[in-house]
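Observations on the three-dimensional arrangement
The chain contents come next:
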Amino acid sequence: MPASLCGIWEIISNTNFEGYMTALINPYLRKIAMNLKLRKIIEQHGDQFIIKTMSTFRNYTIAFKVGQEFKEFTKGLDNRHMKSLVRWEGNKLVCEQIGEKKNRRWIHWIEDDKLHLQELFCEGQVCKQVF
Ligand code: 1AG
């Protein structure tokens, strides 16, 4: 277990969230999502993770084991199905999301006591969130 990401994290910056969402959802939902203050709640027991993304509008939870592929359905977000696999790359937790959208992934890591989340997207869109 290279790093502990456990905790309750409040968002402090959100760069190009709009661009990332443009690749995924319609303008109406984007407008709502843009105004949300996101909170991450991360529980980690060995390689077993539960990551909750919380807001006043919707919540989204994933549970997975590092190194073990799982079926992900982004219910209430863009409602797509994918096969996801999370691995450690050094101290970074990297998730590849194989599905309809090419090169979809996210990366979590801790830096200066902050939780970083970089969500990458093929259509040149990179969203960076810090909690
Ligand atoms: C996330 O995954 C996904 C959560 O962090 C980011 C939030 C939305 C961006 C994705 C698509 C936008 C779709 C719909 C907008 C509607 C509601 C927004 C509600 C946001 C709160 C859940 C990485 C994560 C690991 O699984 O940290």
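The shown structure was predicted, so the numbers you read here are calculated from the model rather than taken from an experiment.

**Things to note about empty space enclosed by the protein**
Summed over all chains, the structure comprises one cavity of 30 Å³ or more. Size it by volume and the largest cavity reaches roughly 590 Å³. Along the walls of the largest cavity sit 31 residues, with Phe 17, Thr 53, Tyr 60, Leu 77 and Glu 119 positioned nearest its centre. Contributing elements (two or more residues each) for the lining of the largest cavity: α1 (17-22), α2 (27-34), β4 (48-54), β5 (60-65), β9 (104-111) and β10 (114-120). The residue makeup of the lining of the largest cavity, split by class, is 17 nonpolar, eight polar and six charged.

**Some thoughts on the UniProt feature "domain: Cytosolic fatty-acid binding proteins" (unreviewed entry) in the protein**
Per the UniProt record, "domain: Cytosolic fatty-acid binding proteins" (unreviewed entry) is found at residues 7-24. The span residues 7-24 is 33% helical and 39% strand by assignment, and the distance between its end C-alpha atoms comes to 28 Å.

**As for the site of the ligand**
The immediate surroundings of the ligand are formed by 24 residues, with Lys 40, Ile 51, Arg 58, Leu 77 and His 108 found nearest. In the environment of the ligand, an oxygen atom lies 2.7 Å from a nitrogen or oxygen atom belonging to the side chain of Lys 40. His 108 places a polar side-chain atom, nitrogen or oxygen, 2.7 Å from an oxygen atom of the ligand. Calculation on the ligand without its partners gives an accessible area of 640 Å², and the protein chains cover 98% of this total.

**Section: the packing of aromatic side chains**
Per the stated rule, a full pass over the model turns up four aromatic pairs. Between the aromatic rings of Phe 49 and Phe 64, the centroid separation amounts to 5.3 Å while the plane-to-plane angle is 5°, which identifies the pairing as stacked. Placement of the pair is Phe 49 in strand β4 and Phe 64 in strand β5, with a sequence separation of 15 residues. Positioned above the aromatic ring of Trp 109, the side-chain terminus of Lys 92 is 4.2 Å from the ring centre.

Definitions and cut-offs
- Residues numbered from 1 in each chain as written.
- Predicted model: local features only at pLDDT ≥ 70, side-chain atom pairs only at ≥ 80, totals over all residues.
- Heavy atoms only, no water.
- 1 Å grid on protein atoms, 1.4 Å probe; cavity = no way out; pocket = protein on both sides within 12 Å on 5 of 7 lines; lining within 4 Å.
- Points joined across faces, edges and corners; volume = space filled by probe spheres on them.
- Helix = DSSP H or I, 4+ residues; strand = E, 2+ residues; numbered from the N terminus.
- Nonpolar A, V, L, I, M, F, W, Y, C, P; charged D, E, K, R; others polar.
- UniProt positions renumbered as here; feature names shortened; annotations may be inferred.
- Near = heavy atom within 4 Å.
- Polar contact = N/O pair within 3.5 Å; in protein donor to acceptor, adjacent residues only side chain to side chain.
- Areas by Shrake-Rupley, 256 points an atom, 1.4 Å probe, with all protein chains shown as cover.
- Phe/Tyr/Trp six-rings, centres within 6.5 Å; stacked < 30°, edge-to-face > 60°.
- Lys NZ or Arg CZ within 6 Å of the ring centre and 35° of its normal.

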